[in-house]
Amino acid sequence: MLNLLILLAERFSMIGLLAFILSKANFFKKVISNNVSYKDLSILIAIFSLIGIIGTYVGIPINGAIANSRVVGPMIAGLLGGPFIGLIVGFIAGFHRFLIGGFTALACGISTTLEGLIGGIIKKYYKNTVDWKVAFLAGIIGETLQMVLILAISRPFSSALSLVKVIGIPMILVNSTGIAVFMLIIKSVFDEIDTIQSRQAKIILDITSKAIPYIRNGLNSDTAKIVSEIIYEAIDVDAVAITDMKTILASVGLDEANKKCHLFKKSEVNAFRFKKVYVDNNKRGLGLLSSVTAPLYCYDELVGTLKIFRKNKFVNSTDIEVAKGLSNLISNQLEIADAENQKRIANEMKFNALQAQINPHFLFNALNTVISFIQYNPDGASKLLITLSEYLRNNLRYAGKWIKICKELENIDAYLFIEKARFGDKINVVKDIDENLLNMYIPALLIQPIVENAVKHGILSNDNGGTVTIRIKNNNDCIRFSIEDDGEGIEDEVLKKIVKEGYSNNVGVGIRNVYERIQSVQKGALFKIESKKGYGTKVIFDFPKCQEKDKEEITNDIEIASSR
């Protein structure tokens, strides 16, 4: 009996080696982590059936039967995959044993099938990974059942009893121990997965804490450069790049990585369509780059990619999981940044609209002009006061609403009338307007802030005054607005910053207000400022043609954008 015990242990070492090799396979890790496809299940059934069959072939012939480790395959398959998997594997391994023949063939075939089922039932009611002690007990139960079935079915009974006396204890001990060892190997795989996931989580958290303040500014070359550097320093890779849909926003590491960022492969696009990462592991030797590309989304719209590169080696599972995590992080932050930006725009619009409605300095100066007119020009004072009241009433009435261009121009005329009352011939106005556009709708105070800037910061800063030219022209599906003055102009340094986020001065507030309102309706619409110090300023922008029936639809778009 002792010699048989030793021989069985030696034969089982072959299966133990196979178990160790199997534990390193990726599909096996997916199976035990319950992240498995039908293909993986098929492979699982095939491999554990093979283990069961090998257990029969490496067995030791004794008295017309075989002392073996066949039970290990079906039992472990059941403990991992549940009743169905255990039953299938048990049946395959058992049927193979039945075909070999011998007076114990039927008993061994039935017992092998039942042992796989027993392992599956234990898995079903043991919610966590089966402990090695439970696996050891399951092995004892399964092998004891096999001995009972041999005694119950195999004939002659005397031969069955003699066989069980020889193989019973050795097979129960070796196979139960083998099943327990197999589960310990699986536990080591779980520990490895936990370690990898903990490392991945730490990497992502470290990157998150450093990158969030920059990602909140949106996806552009400046933020992409900083975030790429943070990722590059945090993980051991050869290059990191962030792109939008047309260009490489930033690249850190190998220069040759840039060559793989310009064009999207069809296979990449297909992966991105399902929000999956794309892995490109070169298999043509050294000197080539392998990469993992993760899509970046903002409100389900693909806006760019994150690429991680390795040179002379494949990207690994940690690279892939980190890329997935960072993709989700950056995408979420881009949505938050957009929502915050829309909220800020909405709040700034309300503030600037209110500021434009009743500017204290303008009102104070206008009233002083009325007072001075009363003394030597009562009729003029009366007309000026009526115009001022109409101007203020319109600002309050149309705040936050859509109005016809002709109404916006009437309010601009009121403003210019009041200013001309103060400054006389220093203010000249030229209009070049297509008449058929006057009944189109625009948001109130879309043109007026630009005209006010032209007057206050353009021509009135010149001792001799100047001319403001207002042009409103057809431009296909848009209306082209142009407000030009021949005043002092804007310095180049200020001109570069004037519509950038966070920049504000007396000139920038009104212009940025109009710029952001236009972009909220039609992103990418033309908005251009041409200026040269000492020669004046010209603001040109396009706005979609909007009739009364279109007004509600565009207004809803603005509200949706602002509430994101």
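Model, not experiment: these values are computed from the prediction.

### Quick look at the pattern of salt bridges
Then step 1. In this structure the tally under the stated criterion is 13 salt bridges.
Then step 2. Between Asp319 and Arg310 there is a salt bridge, and its shortest N-O distance comes to 2.5 Å. Neither residue differs from the other here; Asp319 and Arg310 are each classed as buried.
Then step 3. Among the ionic contacts, a cluster of salt bridges with common partners joins Asp432, Asp434, Arg471, Lys473 and Glu484.

### Observations regarding the environment of Gly487
Then step 1. When you line up the elements, Gly487 lands in the loop between β12 (478-485) and α16 (492-497).
Then step 2. Sequence-wise, Gly487 and Lys533 are 46 residues apart; in three dimensions their C-alpha atoms are separated by 8.7 Å.
Then step 3. Ignoring any residue separated from it by four or fewer positions in sequence, one finds Gly487 in contact with Gly458, Ile459, Gly534, Tyr535 and Gly536.

### Brief notes about the side chain of Thr223
Then step 1. By the element assignment, Thr223 lies in helix α9 (residues 221-234).
Then step 2. Discounting residues that sit within four places of it in the chain, Thr223 has contacts with Tyr214, Asn217 and Gly218.

### Topic: the pairing of strand β3 (residues 239-244)
Then step 1. The element β3 is extensively covered by neighbouring structure, given that five of its six residues are classed as buried.
Then step 2. Note: β3 against strand β4 (residues 248-253), five bridges, orientation antiparallel. Of the residues in β4, the one forming a bridge with Ala241 is Ser251.
Then step 3. In sequence, β3 turns back onto β4 through a hairpin of three residues.

### Re the packing of helix α13 (residues 378-398) against helix α14 (residues 405-423)
When two helices pack together, their arrangement is given by the angle between the helix axes and by the axis-to-axis distance.
Then step 1. At a closest axis distance of 9 Å, the pairing of α13 and α14 adopts a crossing angle of 140 degrees. If you check the angle between α13 and α14, you find them oblique. As for how α13 packs across α14, the hand of that crossing is left-handed. Of α14, the residues touching α13 (which contributes Lys383, Leu384, Thr387, Leu388, Glu390, Tyr391, Asn394, Asn395 and Tyr398) are Lys407, Asn411, Ala414, Tyr415, Phe417, Ile418 and Ala421.
Then step 2. For the contact of α13 with α14, the class distribution of residues is nine nonpolar, four polar and three charged.

Here is what the cut-offs are and how they apply
Residues numbered from 1 in each chain as written. Predicted model: local features only at pLDDT ≥ 70, side-chain atom pairs only at ≥ 80, totals over all residues. Heavy atoms only, no water. Salt bridge = Lys/Arg side-chain N within 4 Å of Asp/Glu carboxyl O. Buried < 20%, exposed > 50% of the residue type's maximum accessible area, 1.4 Å probe, protein only. Helix = DSSP H or I, 4+ residues; strand = E, 2+ residues; numbered from the N terminus. Contact = heavy atoms within 4.5 Å. Pairing = 2+ DSSP bridges. Axes fitted to C-alpha atoms, helices over the stretch in contact; angles between N-to-C directions. Parallel < 35°, antiparallel > 145°, perpendicular 65-115°, else oblique. Left-handed = near helix turned anticlockwise from the far one by under 90°. Nonpolar A, V, L, I, M, F, W, Y, C, P; charged D, E, K, R; others polar.

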